[in-house]
Amino acid sequence: MSDSLLQLNGVSLSIYDTPILHDVSLQVSSGSVLGIIGESGSGKSMTAFSIMQLLPAGSELRGSIVFDGVQLDALDETQLCNIRGNDIGMVFQEPMTALNPVQTIGAQVAESIALHKSVSAKEALVQAAAVLERVGLPNKAFPLSRYPHELSGGQRQRVVIAIAVALEPKLLIADEPTTALDVTTQAEILNLLKKLVDESDMAMILITHDLAVVSEVADHLVIMRHGRILDSAPTRQIFNELKHPYTKALYTASSHSPERATQPDTQAPLLELTGLVCEYPVGQRPIFGKRKTFRAVDEVSLAIYAGESVGLVGESGCGKSTLARALLGLSPVKAGQISLRGETLSIDAGFSRAVRREMQVVFQDPYSSFNPRHRVGRLISEPLHVLDSQPSAAELKALIRSTLESVGLDEVDADKYIHEFSGGQRQRIAIARALIIRPALIILDEAVSALDVSVRAQILDLLAELANTHALAYLFISHDLSVVRRITDRVLVMKNGSIVERGDTEQVFASPQNSYTKNLLAAAPQLPATSAQVI
Amino acid sequence: MKLRSLLPGAVLVLLFFSAALVSYLWTPFDVTLIDIKSRFQSSSAVHWLGTDHYGRDMLSMLMVGARTSIAVAIVAVGIGMLVGVPLGLAAAANRGRFLDEFIMRGNDLVFAFPALLIAIMITAVYGAGALNAIIAIGIFNIPVFARLSRGAALSLWKRDFILAARAAGKGASRISVEHILPNIMNLLIVQGTIQFSLGILAEAGLSFVGLGAQPPIPSWGRMLADSQTLIMTEPQLALYPGLAILLTVLGLNLLGDGLRDWLDPRLRRER
Amino acid sequence: MLHYLIKRTLILLATLIVASLVVFVTIEVVPGDPASYMLGLNAQEDTVAALRAELGLDKSRVARYFSWVGGLVTGDFGTSYTYRTPVADMVADRMWVSLPLAIYALLLSTLIAFPAGVYAASRRGGTTDTVVMALTQLGVAIPNFWFAMLLVLLFAINLGWFSAGGFPGWDAGVFQALKSLTLPAIALALPQASILTRVMRSSLLDVLNEDYMRTARAKGLTRRQALWKHALRNAMVPVLTIIGLQFSFLLAGAIIIENVFYLPGLGRLIFQSIASRDLIVVESVVMLLVLAVVLVTFLVDLAYAWVDPRLRGAR
């Protein structure tokens, strides 16, 4: 294609002699959308920064980048500044930190306009208002004088998009623009980006780790791994053929369903909540009187049976994490009852050791879940603290060994520190820590959300296998509907602190009754079908 | 590795520490020996750095002065750490509650009294002495360490591994000792060297104006004060103690910077 | 904003009240009988009794505290026992030396530190950065009173550009007065400027790593424009904290520096009063300095809200 807007030819990048990109070639033509897909460390973001010529210190770039007939890598800084923001706009992953916290949104959008057009400051603000209107932030509700901290994540991302498209660039680069957002917000932002591309002749590069997200937007896909392009073809063809083994592996991992064979014991509930209410104070403490409180969990009742996997889905701020913490005795409970095996727990006095033995937890972030100064053996044996009699040194060693082995790790790992492990291995260690006292229930709070798809598939398999062998019950808390569908027997949908729908997982997903559940399911991006053979 | 400042810092600090330690056992001359006949001597093989207005050996004076400075600064930093760190940890463990508010407001209050003012109040009522300097600098160090450890502990309390420890049924004080303290130790060590150097400066300042160590105990600040009136005729008397303070503080600061880089896991972690 | 303002004001008042209690208890209650302390061991019975009456020691401590604070509020600081003049007058005279000196030094330190810090940060790792950092390393380590002595040695004794000490008074002309404050101000400012430069630099470097700096560059701003328009204001919060803290260091430092240069400021007054055991003067001057420190902290808090809209509250 000679009419392509952007063409990368044999681009290689190294930073302080560490190779990052190898021989990357791709092209984008006006009015089309290119999706770049890869897991963490694939070099997909660095490809974007290479195009923008915004590389960290110590970078060495080879190959050619031609944009609109101009060799970008040959331009000087002044010429590049004229192109950035004007001809190429960029949207970033983290809307919470992408805006300057001490400037109004109007000023930040207008700055872009005033920089590239010779207009008065007043005129720039008028145009900024129009752009904000175009990205779905009407002036009446979102005056230019708003500061970023007064907006939600999705609204902030709209401001970032407004900055990027203010000058109607020829190319928009969106680097994981929806990864930090909830499903419904994600759908809105994707629709907005699609609309912006359709309205004009703008081309877009959409960078993501999520096959389902790009499949709905992109015309052409590029699959990257370890800084190389492995597969490149029109979107439909990619999904139909799954030609490259890595593409196939990604596809299968994304839709992977672990095999589960649990038989829930439905005689009497293991854990039962009745009318649970959790509140916490918000805002500044007024000079007189009490702080306002926010009801995060509003009269929630639920039951979990032994050996059962229950999903709890909802968007951020719906109260699902507060509920999890209340179950673990980590969050104060305002009203309601928690009972375990039919016995009502005394919440205010703190849970007894016997109760803590039955329930364990795995958190989302594999990087902050461990004390960096303790060895793995000590880390995973921390819950043994609740035993009435501590095991002897020999017993402890044997226990640590068998637990590590049951999560697929090795005895020698007990003497290592946590920074020696990858994200997926850390999540295995977190599971080992939960498993070591043989609880009846493990609460998984977004436990696989931070992992790459291939690692996530392995962890889901591990969880299914452990449930089978140890008759474990799970409370699987997640914002990711497709994962919940594949690992749970029953599901609860939470919104604004209340359960709005509950039922058998397949039934809820197949025919949702509540309008909110329907919205959630409609917003969730779907993997397209393939005609290739998938194991 | 960015350890350029660690080595020179450590060498300087070691030099002055050993000078102070050796002075307990041996000094070239007795610092209490007043010998007016041999005053104002310049550097020689006998008196390496010459003698002062009482004929005392400057090198011996500097060695014993190092002892005073270092002792005052160490005890003051010790007070600051021993009181400040537990307060900071307790405030963080009770974040948002009354105890936290109480401790932090108490900190603000102490910050309203610079160390010199505390020393002035004590001296006005009880008279001058090295103990004043220790108490004044020590009190001023408390909120420094309380704030630092509270801030660092607060960010740790938000981490999941603390939640995991709480889920395992561990109490706030046990978590503070087992999980929080080891993780803020680096920060405390680095801040400790900084406060140590500030303590040496403060002690010198207090002794300089007569609020610190009293004669006949030699101290660097006192030596500078004595040299002030003689600066026209004997400027070298002002040179050596000043250089001693400068080099000690410089050494401690370099050591602190070097330690920070060395202990920072972000700079050490191999990926 | 109003909420923030009221809260800060209440904290200011509470701090002042507690501070005044601390000063009162330390100086008037702890030593037992201030009158016999002030007069020393050999005092006559009747002189002690006279002083007791003058100080109002026959009244209860609570009553004395309230009359002292009441006096402070109305500008009546009592009468100096040694000089037999109202403390308020003495303080007012001396204040015209100490306050200009502290402000002079603060201005100098800020004027040096801002450009130096910004320049070093924007050329991180370069020769200028290395040189600036090495100089600040020295500046932080140098004791200001020793530095003052070196300045006297060089500029007053050897070069004769300045006088070695003393203060001609503002009546002698603003230029003469400022000239005699210049060496003391430099001695005070240079170590503080070194600290401020380092804070400015590291704070800017932190901000330069923030995501919104990338957004700014993606807009088409040059590195320089992004630094001035987006980084500087965000880097100000820690810098303001240090400026606030420095004011109290400068006031305290001024007390020592005044001694080196024989300046008739609050510092000299306080040492003379300690020497003559004039507790009335010590008590009031200490309280005055505390007031100055607390007021500056209050102003810094207000400046935070000006810099950072998130602190203005009222979401």
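One can find the structure itself at the top, above this paragraph.
In this text, all values refer to a predicted model and were calculated from it rather than measured experimentally.

Caption draft 1: Layout of helix α6 (residues 127-141) of chain C. End to end, α6(C) covers 22 Å across 15 residues, agreeing with the expected 21 Å (1.5 Å per residue, within 8%). All of the buried residues along α6(C) are Asp129(C), Val132(C), Met133(C), Thr136(C), Gln137(C), Gly139(C), Val140(C) and Ala141(C). In this fold, the buried residues of α6(C) make contact with α7 (172-208) and α9 (236-263) of chain B together with α5 (87-122) and α8 (174-208) of chain C.

Caption draft 2: Looking closely at the layout of surface pockets. Residues and elements named next belong to chain C. Roughly 430 Å³ of volume is contained in the second largest pocket. For the second largest pocket, the lining is made up of 17 residues, of which Glu54, Leu55, Trp68, Gly78 and Ile280 are closest to its centre. Secondary-structure elements contributing two or more residues to the lining of the second largest pocket are α2 (34-39), α3 (45-55), α4 (61-74) and α13 (279-307). In terms of residue class, the lining of the second largest pocket is made up of seven nonpolar, four polar and six charged.

Caption draft 3: Spotlight on a nonpolar patch on the surface. On the surface, Leu21(B), Val22(B), Tyr24(B), Leu25(B) and Trp26(B) cluster together into a nonpolar patch covering about 620 Å² of accessible area. Residue class for Val22(B) comes out partly exposed when judged on its relative accessible area of 34%.

Caption draft 4: How the structure looks around the sheet that holds strand β1 (residues 6-15) of chain A. Residues and elements named next belong to chain A. Within the open sheet, the four strands sit side by side as β2-β1-β4-β5. Their pairing is antiparallel. Of all strands in the sheet, those bounded by a partner on one side alone are β2 (18-28) and β5 (70-71). Here β1 pairs with β2 via seven bridges, running antiparallel. Opposite Leu8, over in β2, you have Leu26 as the bridge partner.

Caption draft 5: Region of the structure containing the pattern of salt bridges. For the structure shown, the criterion picks out 34 salt bridges over all chains. Between Arg217(C) and Glu77(A) there is a salt bridge, with the nearest N and O atoms lying 3.2 Å from each other. You can see Arg217(C) sitting in helix α9 (residues 211-219) and its partner Glu77(A) sitting in helix α2 (residues 77-83), one on each of two chains. Under the relative-accessibility criterion, Arg217(C) is labelled buried at 11%. Its relative accessible area of 36% is what places Glu77(A) among the partly exposed residues.

Caption draft 6: Representation of the nonpolar core within the structure. In this structure, Ile120(B), Ile180(B), Phe208(B), Leu211(B), Trp220(B), Leu204(C) and Val286(C) are the most contacted members of the largest nonpolar core, which totals 179 residues. Sorting elements by how many residues they give to this core places α13(C) first, with 19 residues. Core analysis: the second largest hydrophobic core is formed by 88 residues, Leu26(A), Ile65(A), Leu221(A) and Tyr246(A) among them.

Caption draft 7: Fine view of unusual backbone geometry. The backbone phi angle of Glu176(A) is positive, close to 45°, even though this residue is not glycine. Its place among the elements puts Glu176(A) in the loop between β7 (171-175) and α6 (183-199). Phi angles above zero are rare outside glycine, and Arg84(C) is one such case at about 55°. Structurally, Arg84(C) is set in the loop between α4 and α5.

Caption draft 8: Structural detail: the side chain of Thr68(B). Residues and elements named next belong to chain B. Looking at where Thr68 falls in the secondary structure, it is placed in helix α2 (residues 58-93). Residue classification places Thr68 among the buried positions, given a relative accessible area of 12%. Leave out the neighbours within four places in its chain, and Thr68 touches Glu203, Ala213, Ile217, Pro218 and Ser219.

Caption draft 9: Spotlight on the interface of chain C and chain B. Contact with chain C, which involves 42 residues of that partner, is made by 39 residues of chain B. Summing the contributions of chain C and of chain B, the shared interface buries around 3600 Å²; its carbon and sulfur component is 82%. Of all residues in chain C, Phe145(C), Trp146(C) and Met149(C) bury the most surface against chain B, accounting for 17% of the area lost on that side. Taken together, the links from chain C to chain B amount to one salt bridge.

Caption draft 10: Just the interface of chain A and chain C, in detail. Across the contact, 30 residues belong to chain A and 26 residues belong to chain C. Our count for the contact surface shared by chain A and chain C stands at two salt bridges. On inspection of chain A and its partner chain C, the count reaches 12 residue pairs in polar contact (both at pLDDT 80 or more). Those elements giving two or more residues to the side of chain A that touches chain C turn out to be α1 (44-52), α2, β6 (88-91) and α3 (105-116) of chain A. Counting residues per element, the side of chain A that touches chain C draws most heavily on α3(A), which supplies five residues. In the side of chain A that touches chain C, the residues fall into 16 nonpolar, nine polar and five charged.

Thresholds applied
In this numbering scheme, every chain counts its residues from 1 along its sequence in written order. Whichever chain is written first becomes A and whichever ligand is written first becomes 1, with later ones labelled in order. Per-residue local features are limited, in this predicted model, to residues with pLDDT of at least 70; the limit for side-chain atom pairs, both in listing and counting, is 80 or more; totals at the level of whole chains, interfaces and linings are taken over all residues. Only hydrogens and water are removed before side-chain values are computed, so all heavy atoms of the structure are retained for them. Only DSSP runs of H or I covering at least 4 residues are called helices, and only runs of E covering at least 2 are called strands; the numbering of each starts at the N terminus. Expected helix span is given by 1.5 Å per residue-to-residue step, counting one fewer step than there are residues. Exposure categories follow from relative accessible area, calculated using a 1.4 Å probe and restricted to protein chains: below 20% of the type maximum is buried, above 50% is exposed, and the middle band is partly exposed. Any two residues whose heavy atoms approach within 4.5 Å at even a single point are treated as in contact. Cavities and pockets were defined on a 1 Å grid built over protein atoms only: a cavity is a set of grid points that admits a 1.4 Å probe from which the probe cannot escape, a pocket is an open set flanked by protein on both sides within 12 Å along at least five of seven lines, and lining residues are those with an atom within 4 Å of any such point. Grid points are joined across faces, edges and corners, and a volume is the space filled by probe spheres set on the points. When residue character is reported, Ala, Val, Leu, Ile, Met, Phe, Trp, Tyr, Cys and Pro are called nonpolar, Asp, Glu, Lys and Arg charged, and the others, Gly included, polar. For patch building, the residue pool is restricted to those with more than 30% relative accessible area and no salt bridge; the joining distance is 9 Å between like charges and 5 Å between nonpolar side chains (Val, Leu, Ile, Met, Phe, Trp, Tyr). Under the convention used here, a 1.4 Å probe and the Shrake-Rupley method define accessible areas, while residue burial counts only the protein chains that appear. Salt bridge, as used here, is a side-chain nitrogen of Lys or Arg placed within 4 Å of a carboxyl oxygen of Asp or Glu. At least two bridges found by DSSP between two strands are what make those strands a pair. The term nonpolar core refers to a set of buried residues drawn from Ala, Val, Leu, Ile, Met, Phe, Trp, Tyr and Cys, joined through side-chain atoms within 4.5 Å. A simple way to read buried area is as the amount of 1.4 Å-probe accessible surface that goes missing from two parts once joined, with both sides added. Any N or O atom pair separated by 3.5 Å or less is treated as a polar contact, with the protein-specific requirement of one donor-capable and one acceptor-capable atom, and with residues adjacent in sequence counted only for side-chain atom pairs.

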